[in-house]
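Survey of secondary and tertiary structure
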Amino acid sequence: MNDLRTVSTERPASTANGILMLLVGLALTILGPVWIVQNPDSVLNIIGGVTTITVGLFLMCGLYSLQPNEGAAILLFGDYRGTDRATGLRWVLPWYTRKKISLRARNVTSDTLKVNDRRGSPVEIAANVVWRVEDSAQALFDVDDYQAFVNIQIETGLRDIASHYAYDHGEQEEGAETELTLRADAEEVAEKLQIELANRVRVAGVAIDEARLAHLAYAPEIAGAMLRRQQAEAILAARRLIVRGAVSMVESALSDLSDRKVVELDEERKASMVSNLLVVLCADREAQPVVNTGTLYG
């Protein structure tokens, strides 16, 4: 199916300085009564004075003002003639229509959405997006309501990004490449979100200046289970660190004993010493020493 939609492009409008036209309009509206008062019995003076006043008021109908970072699309009977971005008092022929549009940066925080991440776990997510109108013609004429369009695309893009990443790292095989996650790689995910949104809203002449995750959490129905899982992973990680350190300490102790020739240990005594040291170093509670009054073998 062919796309018959016309793509608009912003171009400068031909307008004039409004202060000059204001002075001309005021001069004409003042000159008209003066002309009539000079000879009120003259029909020609009356017609000329009324005409001068009418022209002066007509000219002042074409005045409009623009603030910084504000534009006005100029239309002639529905035909786009350009956008005026010059600030201050401006003037255009009164039969031209002016549609003002804000070019300022806007800050939007999306609603908190409930989506499934890459592993299918329900998560709550929201984003903060800074955007602005870059092409006023596209914003006004290529979409029906550019503000509503941007809000919908933010929600759609956020859902799409969330579905491509897991909330957090899961159990991975050794040597496997570490995947990006929503929680641990927020900066990278934000960059992907900004690119995704920029592509989606380009048709509306909108630029995305920044996109950040404003809220991220597991959905309430699985939050408790995931908290216990994270606690278990933290305990396992701590245990691994403790065991790795204990093994290193035992290895160092055996090496020092051997180098200094404090005592000669056979394999059985080394095994017993390693066992005792690991119990002492890895135990949750303080070890209770047992005094051996005999020998190791009896």
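Going along each chain's sequence as written, the residues are numbered from 1 onward. Where totals are concerned, whole chains, interfaces and linings use all residues; where local detail is concerned, this predicted model gives features only for residues with pLDDT of at least 70, and gives and counts side-chain atom pairs only at 80 or more. Just so you know, side-chain values use all the structure's heavy atoms and leave hydrogens and water out.

Moving on, we get to a nonpolar patch on the surface. Side chains of Leu26, Ile30, Leu31 and Val34 sit close together on the surface and give an oily, nonpolar patch of about 340 Å² of accessible area. The numbering of helices and of strands both runs from the N terminus, where a helix is a DSSP run of H or I of at least 4 residues and a strand a run of E of at least 2. Tracing the backbone shows isoleucine 30 in helix H1 (residues 18-38). In this scheme, patches are assembled from residues that exceed 30% relative accessible area and form no salt bridge. Like charges are connected within 9 Å, while nonpolar side chains (Val, Leu, Ile, Met, Phe, Trp, Tyr) are connected within 5 Å. In short, Shrake-Rupley with a 1.4 Å probe defines the accessible areas, and a residue's cover is counted only from the protein chains shown. By definition here, a salt bridge exists when the distance from a side-chain nitrogen of Lys or Arg to a carboxyl oxygen of Asp or Glu is within 4 Å.

Pairing in this open sheet of 3 strands is antiparallel, and the strands run S4-S3-S6 from one edge to the other. The open sheet has two edge strands with one neighbour each: strand S4 (79-84) and strand S6 (97-102). Across the sheet, the mean angle separating the axes of adjacent strands is 25° when strand polarity is ignored. Inspection of the sheet shows strand S3 (residues 70-76) paired to S6 by 6 bridges, in the antiparallel sense. Residue glycine 71 lies in a different strand from S6, and its bridge partner there is isoleucine 101. In this description, strands pair whenever DSSP reports at least two bridges between them. Axes here mean lines fitted to C-alpha atoms, for a helix over just the part in contact, with angles spanning 0 to 180 degrees between N-to-C directions.

Moving on: the side chain of glutamine 138. Mapped onto the fold, glutamine 138 is located in helix H3 (residues 136-141). Relative accessible area decides the class of each residue, using a 1.4 Å probe on protein chains only: under 20% of the type maximum gives buried, over 50% gives exposed, and in between gives partly exposed. Taking the relative accessible area as the measure of exposure, glutamine 138 reaches 15% and is therefore buried. Only heavy atoms matter for contacts: two residues are in contact if any of them lie within 4.5 Å across the pair. Among all residues touching glutamine 138, those that are not within four sequence positions of it are Val7, Ser8, Val143, Arg202, Val203, Ala204 and Gly205.

What sets the pattern is the α-helix's 3.6 residues per turn: residues three or four places apart point alike. Taking 1.5 Å per residue as the helical rise, helix H5 (residues 186-201) with its 16 residues ought to reach 22 Å, and the 22 Å between its terminal C-alpha atoms agrees with that figure. Inspection of H5 places Val189, Ala190, Leu193, Leu197 and Val201 among the buried residues, and these make up the whole buried set. With its buried residues spanning 100° around the axis, H5 presents them on a single face. Tucked inside the fold, the buried residues of H5 contact strand S9 (122-133), helix H4 (146-163) and strand S10 (206-218). Expected helix span is given by 1.5 Å per residue-to-residue step, counting one fewer step than there are residues. The arc in question is the one spanned by the directions pointing from the helix axis to the C-beta atoms.

Okay, H1 next. Here H1 contains 21 residues, and its C-alpha end-to-end distance of 30 Å stays within 8% of the 30 Å for a straight helix at 1.5 Å per residue. Looking only at H1, the buried set comprises Gly18, Met21, Gly25, Thr29 and Gly32. An end-on view of H1 places all buried positions within 80° of arc, on one side of the element. Away from the buried face of H1 by more than 90 degrees, exposed residues Ile19, Leu20, Leu23, Ile30, Val37 and Gln38 are located. Among the structural elements, strand S1 (16-17), helix H2 (43-60), strand S2 (63-66) and strand S5 (88-91) are those in contact with the buried residues of H1.

With that settled, consider the sheet that holds S2. Here we have 3 strands laid out as an open sheet, ordered S1-S5-S2, and antiparallel in their pairing. The open sheet has two edge strands with one neighbour each: S1 and S2. Here S1 runs beside S5; their pairing, made up of 2 bridges, is antiparallel. What sits directly across from asparagine 17, in S5, is arginine 90. Of the strands in this sheet, S1, S2 and S5 are in contact with H1, which crosses S5 at around 65°.

So, about the nonpolar core. Each nonpolar core is a collection of buried residues, namely Ala, Val, Leu, Ile, Met, Phe, Trp, Tyr and Cys, held together in the definition by side-chain atoms within 4.5 Å. Ranked by size, the top nonpolar core spans 36 residues in total, and within it Ile101, Val129, Trp131, Val133, Tyr146, Leu193 and Leu197 carry the most contacts. Taken together, the elements giving at least two residues each to this core come down to S3, strand S8 (113-116), S9, H3, H4, H5 and S10. In this structure, Ala13, Tyr64, Ile74 and Leu76 belong to the second largest nonpolar core, which totals 8 residues.

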